[in-house]
Amino acid sequence: MARITQDPIEIRQALELRYRVFAEGMGAKIDSGEAGIDRDRFDDVCLHLIVKDVNNDQVVGYSRILTNDLAEQAGGFYSASEFDLSNIIESGKTYMEIGRTCVDPDFRSGAVIGLLWSGIAQFMSAHNIDFLMGCASIPLNDGYSRAVAIINHLREKHYTPEHLRAEPRVHMPTIDTDMDGARLVPPLLKAYLRIGVKVCGEPFLDKDFNVADALILLNRDDINQRYLRHFAKTEG
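Residues numbered from 1 in each chain as written. Predicted model: local features only at pLDDT ≥ 70, side-chain atom pairs only at ≥ 80, totals over all residues. Heavy atoms only, no water.

Draft legend 1. A look at the overall build of the chain. Secondary structure assignment for the chain yields six helices and ten strands. Taking 236 residues into account, the globule formula puts the C-alpha radius of gyration at 18 Å, and the chain, at 17 Å, falls close to it. Structurally, the chain occupies a C-alpha span of about 45 × 40 × 40 Å along its principal axes. Counting the 236 residues in the chain, one finds 52% classified as buried. Carbon and sulfur atoms provide 46% of the accessible area of the chain, an area that totals close to 11600 Å². Across the chain, the 26 positively charged side chains and the 35 negatively charged ones have centroids separated by 5 Å. (Helix = DSSP H or I, 4+ residues; strand = E, 2+ residues; numbered from the N terminus. Rg over C-alpha atoms; globule rule 2.2 N^0.38 Å. Buried < 20%, exposed > 50% of the residue type's maximum accessible area, 1.4 Å probe, protein only. Areas by Shrake-Rupley, 256 points an atom, 1.4 Å probe, with all protein chains shown as cover. Lys, Arg positive; Asp, Glu negative; His and termini not counted. Charge placed at Lys NZ, Arg CZ, Asp CG, Glu CD.)

Draft legend 2. Expanded view of the pattern of salt bridges. Applying the stated rule across the entire model yields 16 salt bridges. Among the ionic pairs, Glu10 bridges to Lys52, the shortest N-O distance being 3.1 Å. Separated by 42 residues along the polypeptide, Glu10 in helix H1 (residues 8-25) and Lys52 in strand E2 (residues 47-53) bring together distant segments of the chain. By relative accessible area, Glu10 is classed as buried at 7%. Each of the salt bridges in this network shares a partner with another, and the network as a whole consists of Arg18, Asp38, Asp40, Asp43, Arg64 and Arg100. (Salt bridge = Lys/Arg side-chain N within 4 Å of Asp/Glu carboxyl O.)

Draft legend 3. Highlighting the pairing of strand E6 (residues 131-139). Here E6 lies mainly inside the structure; seven of its nine residues are buried. Two strands pair when backbone bridges link them, and strand E5 (residues 95-103) and E6 are joined in this way by four bridges, in the parallel orientation. The residue of E6 that forms the bridge with Glu97 is Met133. Once you follow E5 into helix H3 (residues 111-126) and on to E6, the crossover reads as right-handed. Bridging between E6 and strand E10 (residues 211-219) involves nine bridges; their strand directions are antiparallel. (Pairing = 2+ DSSP bridges. Right-handed = clockwise from strand over helix to strand, strands pointing away.)

Draft legend 4. How the structure looks around the side chain of Thr160. Examined against the element boundaries, Thr160 turns out to sit in the loop between helix H4 (145-157) and strand E7 (167-168). Exposure remark for Thr160: the relative accessible area of 3% places this residue in the buried category. Among the polar contacts listed, one links the side chain of Thr160 to the backbone oxygen of Leu164, at a separation of 2.6 Å. Residues contacting Thr160, with those up to four places away along its chain left out, are Arg165, Lys198, Val199 and Cys200. (Polar contact = N/O pair within 3.5 Å; in protein donor to acceptor, adjacent residues only side chain to side chain. Contact = heavy atoms within 4.5 Å.)

That is the geometry; function is a separate question.
Right, here's the structure in full:
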């Protein structure tokens, strides 16, 4: 199961997992002041959602959560550092932002992603959250061609309506590619789309993390409950 933890040891494991996935796996340049962990100013304020492997007692899945109130303490949502959210944040509505979502490379069969999503959906329901949002990363390890192909596919099938678009603060270069983006969507983003997530326009180029970030948005009423049940059955 996925659960929120305040245990310093589990949080440390989560920060180490983030470092392995983003720095070692994706080439992110991380300067957190301490070797082998990924930490920033949001980590002292956010909620840490984890999935553990019961066999070795290690964190194998992770996402951090910022609600409206927590974001206020942190000086704003993380997404606001990458996008203009003025068309996205609606006055009087409640939001939760997920970020740094990652799964240990040895546990990417889908079950851990399913557990994370079940935990996220339960949190939305329990806290009466109207909208989920966050940044879904598309790796740039192989240059821009794959990412551009994926974005072309998202633009065709999964973008929000025009009035719900967010302008990225740094645009990704556009190049011609004939690659089939539908086949290249990363597993985490693919799971998001199946749950019902929409993408709020063009991506942000995060040079430090070597990724193109797509801003995602999900109305609680639009969650694909059938797919959530599929996740639950897969794990069960």
